[in-house]
Each structure stands twice: as C-alpha cells, then as structure tokens.
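Listed below, chain by chain, are the residues.
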Amino acid sequence: AQSVAQPEDQVNVAEGNPLTVKCTYSVSGNPYLFWYVQYPNRGLQFLLKYITGDNLVKGSYGFEAEFNKSQTSFHLKKPSALVSDSALYFCAVRDIRNTGKLIFGQGTTLQVKP
Amino acid sequence: DAGITQSPRHKVTETGTPVTLRCHQTENHRYMYWYRQDPGHGLRLIHYSYGVKDTDKGEVSDGYSVSRSKTEDFLLTLESATSSQTSVYFCAISESAWQGGKNTEAFFGQGTRLTVV
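A short tour of the structure in this document, coming up. (Residues numbered from 1 in each chain as written. Chains lettered and ligands numbered in written order. Predicted model: local features only at pLDDT ≥ 70, side-chain atom pairs only at ≥ 80, totals over all residues. Heavy atoms only, no water.)

**Things to note about the packing of aromatic side chains**
Residues and elements named next belong to chain A.
Reasoning step 1: Taken as a whole, this structure holds 16 aromatic pairs over all chains when the rule is applied.
Reasoning step 2: On the basis of an interplanar angle of 15 degrees and a centroid distance of 4.1 Å, the ring pair of Tyr50 and Phe67 is categorised as stacked. With Tyr50 in strand β6 (residues 44-50) and Phe67 in strand β8 (residues 64-68), the pair connects residues that are 17 residues apart, well separated along the chain.
Reasoning step 3: Under the relative-accessibility criterion, Phe67 is labelled buried at 6%.
Reasoning step 4: Ring geometry for Phe90 and Phe104: centres 6.4 Å apart, planes at 80 degrees, overall edge-to-face. Taken together, the residues Phe90 in strand β10 (residues 87-95) and Phe104 in strand β11 (residues 102-104) connect sequence positions 14 residues apart. (Phe/Tyr/Trp six-rings, centres within 6.5 Å; stacked < 30°, edge-to-face > 60°. Helix = DSSP H or I, 4+ residues; strand = E, 2+ residues; numbered from the N terminus. Buried < 20%, exposed > 50% of the residue type's maximum accessible area, 1.4 Å probe, protein only.)

**Focus on the pattern of salt bridges**
Reasoning step 1: Summed over all chains, the structure comprises eight salt bridges over all chains.
Reasoning step 2: Ionic pairing is found between Glu64 of chain A and Lys58 of chain A, a salt bridge with its closest N-O pair at 2.9 Å.
Reasoning step 3: Residue Arg44 of chain B pairs with Asp38 of chain B through a salt bridge whose shortest N-O separation is 2.9 Å.
Reasoning step 4: Taken together, the shared-partner salt bridges connect Arg22, Lys70 and Asp73 of chain B into one network. (Salt bridge = Lys/Arg side-chain N within 4 Å of Asp/Glu carboxyl O.)

**As for the sheet that holds strand β1 (residues 4-7) of chain B**
Residue and element names in this part refer to chain B.
Reasoning step 1: With antiparallel pairing, four strands are arranged side by side in an open sheet as β1-β3-β8-β7. Looking at strand neighbours, the two that pair on one side only are β1 and β7 (64-70), the edges of this open sheet. This sheet shows a mean twist of 15 degrees between the axes of neighbouring strands, independent of strand direction.
Reasoning step 2: Across five bridges, β7 lies against strand β8 (residues 73-78) in antiparallel orientation. Bridging across to β8, Val66 finds its partner in Leu76. (Pairing = 2+ DSSP bridges. Axes fitted to C-alpha atoms, helices over the stretch in contact; angles between N-to-C directions.)

**Here we look at the interface of chain B and chain A**
Reasoning step 1: At the interface, 29 residues of chain B touch 26 residues of chain A.
Reasoning step 2: In this structure, the salt-bridge partner of Lys49 of chain A is Glu105 of chain B, at a minimum N-O distance of 2.8 Å.
Reasoning step 3: The interface formed by chain B and chain A includes nine residue pairs in polar contact (both at pLDDT 80 or more).
Reasoning step 4: Of all the secondary-structure elements, those providing two or more residues to the side of chain B that touches chain A are β4 (31-38), β5 (42-51), β6 (54-57), β9 (87-94) and β10 (106-108) of chain B.
Reasoning step 5: Sort the elements by how many residues they give to the side of chain B that touches chain A and β5 of chain B lands first, with five residues.
Reasoning step 6: Class assignment of the residues belonging to the side of chain B that touches chain A gives a composition of 12 nonpolar, 12 polar and five charged. (Contact = heavy atoms within 4.5 Å. Polar contact = N/O pair within 3.5 Å; in protein donor to acceptor, adjacent residues only side chain to side chain. Nonpolar A, V, L, I, M, F, W, Y, C, P; charged D, E, K, R; others polar.)

In structure tokens, the structure reads:
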C-alpha cells in the first residue's frame, strides 16, 4: 500500500531564512512525488513534481525539493522564505504500479514571520 | 486554471438524506478523484476513476459511491448522509498517471463545503 507522512504539523521560520518542509513516502514500486500548496479557502495548487532524473527538482515561486531514494524522502525547500509563503503544504505520492491512485499526506502549516 | 467545476459549492443537508456532488471537467483528462479535507486528517482519497466506468476505492470509501458514465463528469454520492461526513470535498483531475509526454500532476477544483445536520 502507498502512503505519505508529513511528520510536522507546523513549521515556523523567520522571513529571509531557509525553510524545509519534510515528507517521507512508502510505495511498492517507483514513486511519482508531488508538492501542493493551499491558501485559505482555496483549492490546492501544484508546486512541483519528481518523476525521474535529477534528484533536485525546481518548481513554482522559488520552491525546490530533493528526492532521496534511500531515505524515501521528498523534502520541500526554499532558500529564503517570504511572509506570503505562509500556507498549508501537502506532499503526495503515486505508485506507478497502481492505477493512478494519488495519496496525500496530512499537510504541514508553514508560518513565516516578519 | 484547469477547467474543473464542482457543484454545489455549499450544501446543508439533514442526516439520513442522500446527497450527490458533481465534478465536471472540460479538459478531457482520464483520471478523476474525490477527496475530503478535515482538520488533522489532511486530504483523504474517497474514490477515484481511471476511465469511463472504471473506478476504485480510496482510503475512506465507506458510505460513499461514485459513478462516471462519461469522461467529463464524476459524481460522488453519500447514500445516507451522517454528521461524520461533514467536510470539504475536493475533486481533482489528471491527464495521465505515468509519464509519456503527458502531464501527471493533478489539478483541483474549488471544493464543496458540505454540512450534515
């Protein structure tokens, strides 16, 4: 069975500092991994994805994520946080052996303080 | 924005009544998903579809059924609504589940807020 874990309910960071939002996954085959962001009272917006190739993937709004197969992790990062980055972030995984099932983690609230 | 429309956007219903939520897409994407979002639980998959009349259960499918008779519509039915089904429901679509020149990421609708009293 595929699953995703986001171990932190909330991450607090000061504006201008680097941020990391953690994600670990479990699949039986090779994973497709995704990060999404949700602003209050909105749907989810796609940020970036890992399918294959370079372990460091870059996405929207200056975000990037690092795929680590040995640690089954896909942490979201940004070199310099903005107050406007404050939102709810979701990691998701799709097992390529499965019929397109897409599973999300519990979400991590990112709070960036001025 | 991807062409996804959820209806209704808000609904209040009584316990024991059947409720149907509709997801309509204009993107001709193969995959469609229904999720519910609850505080502390994140986004949980209810059912998904990988083609017309091809559906499968997700993590929290009890009390829900789905139907997909054509590519553009994916219906979620609460057979007999209960207070535990009060939630925000999101529909999502995806062109492909595997790479091959097609997008694999999912796009989300704006959500339906359902209250069961």
